[in-house]
Amino acid sequence: CNNFLPGTTGGDVVKAVLVARKTRQKAKALITVFTDRAIGLGTLFFVCGVVMMGTIGEPRFRKVAFITYGGIAFLTLGGICYFSRRVRRWFRLDRLIARLPFAEAVQSVDQALFHYRSDKRVVVKAILLTVLLQGIVIVFHYLLGGGMGMAAEPKHYFMLLPVIFIAMAVPISLAGIGWGSLT
């Protein structure tokens, strides 16, 4: 499905629908699929950010650094705000959700997502596995590039490929064709 649906996330949409059909806890099923994607995107930003620390002063990586550290800041701040009980009370998030159209469905999704706050071990394991898998994918591309005679330092792959993967996830074209080429 990633090959013919917009972006590289089309398979996630299909997976979410198929999983939701097989369970009574539809909100939890949907949130599991999309949390997996969010953790994947977050770890891509993280991997890129760690590698970029050694190149902060280089002007040619300024745009990538802006995107990377901006993404890390956005995800971190958003996560803290969303999962903080104090911030949720301050913004009266529960009342706000209750006023929304389809409030019951939104509350169900909110509760399913908020469940991850109390299950930190599962989240940490998912993050570590995702870092490992992303690292393997990037090393694969590095080896593939080397095999085709493309001389580049491994750090460039670890800085640029995560940003390219993130850009390709934006549902603009089928399977990220063209959009991924621009990055």
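Residues numbered from 1 in each chain as written. Predicted model: local features only at pLDDT ≥ 70, side-chain atom pairs only at ≥ 80, totals over all residues. Heavy atoms only, no water.

Caption draft 1: Layout of the overall build of the protein. Scanning the protein from N- to C-terminus turns up 9 helices and 0 strands. In the protein, the proportion of contacts linking residues at least 24 apart, taken out of those at least 6 apart, comes to 56%. Total accessible area on the protein is roughly 12,400 Å²; 70% of this is exposed by carbon and sulfur atoms. (Helix = DSSP H or I, 4+ residues; strand = E, 2+ residues; numbered from the N terminus. Contact = heavy atoms within 4.5 Å. Areas by Shrake-Rupley, 256 points an atom, 1.4 Å probe, with all protein chains shown as cover.)

Caption draft 2: View of the nonpolar core. Judged by nonpolar contacts, L44, F45, V47, I138, Y157, L161, F165 and I166 together constitute the single largest core of 8 residues. Breaking this core down by element, the ones donating at least two residues are α2 (26–52) and α8 (154–169). Ranked by residue count, the leading element in this core is α8, at 4 residues. Discounting residues that sit within four places of it in the chain, F45 has contacts with I67, T68, G71, I72, L75 and I166. With 7 residues, the next largest nonpolar core counts C48, M52, V64 and M159 among its residues. (Core = buried A, V, L, I, M, F, W, Y, C linked by side-chain atoms within 4.5 Å. Buried < 20%, exposed > 50% of the residue type's maximum accessible area, 1.4 Å probe, protein only.)

Caption draft 3: Quick look at the packing of aromatic side chains. One pass over the structure, following the stated rule, counts 5 aromatic pairs. Look at F83 and F114: their rings are 6.0 Å apart centre to centre, the planes differ by 20 degrees, and that puts the pair in the stacked class. In this pair, F83 is assigned in helix α3 (residues 62–83) and F114 in helix α6 (residues 103–114), connecting sequence segments 31 residues apart. F114 sits in the buried class, given a relative accessible area of 16%. Aromatic rings pair up to connect Y82, F83 and F114 into one cluster. One Lys or Arg, R88, reaches over the ring of Y82 and ends 4.9 Å from the middle of that ring. (Phe/Tyr/Trp six-rings, centres within 6.5 Å; stacked < 30°, edge-to-face > 60°. Lys NZ or Arg CZ within 6 Å of the ring centre and 35° of its normal.)

Caption draft 4: Representation of α3. Its 22 residues place the ends of α3 31 Å apart at the C-alpha level, agreeing with the 32 Å of an ideal helix rising 1.5 Å per residue. Turning to α3, its buried residues number three or more, namely V64, A65, T68 and G71. Considered in projection along α3, the buried side chains sweep an arc of 140 degrees and stay on one side of the axis. Structural note: α3 exposes R62, K63, F66, F74, L77 and I80 on the side pointing more than 90 degrees away from its buried face. (Expected span 1.5 Å × (residues − 1). Arc of directions from axis to C-beta.)

Caption draft 5: Representation of the environment of Y157 in the model. Relative to the assigned elements, Y157 resides in helix α8. In this structure, the C-alpha to C-alpha distance between Y157 and H141, residues 16 residues apart in sequence, is 7.6 Å.

Caption draft 6: A look at the pattern of salt bridges. The final tally for this structure, using the stated rule, is 4 salt bridges. One salt bridge connects R60 with E58, and the closest N-O pair in it is separated by 3.1 Å. Assessed through its relative accessible area of 25%, E58 is described here as partly exposed. Linking K155 and E153 is a salt bridge whose minimum nitrogen-to-oxygen distance equals 4.0 Å. Overall, K155 belongs to the partly exposed group, its relative accessible area being 28%. (Salt bridge = Lys/Arg side-chain N within 4 Å of Asp/Glu carboxyl O.)

Caption draft 7: Main features of unusual backbone geometry. A positive phi angle is found at R92, which is not glycine, with a value near 55 degrees. With respect to the helices, strands and loops of the structure, R92 is situated in the loop between α4 (85–90) and α5 (93–99). What makes R92 exposed here is its relative accessible area of 52%. Residue F102 is not a glycine yet carries a positive backbone phi of 60 degrees.

Caption draft 8: Expanded view of the environment of V17. Considering the arrangement of structural elements, one finds V17 in helix α1 (residues 10–21). Linking V17 and A29, residues 12 residues apart in sequence, is a C-alpha distance of 8.9 Å.

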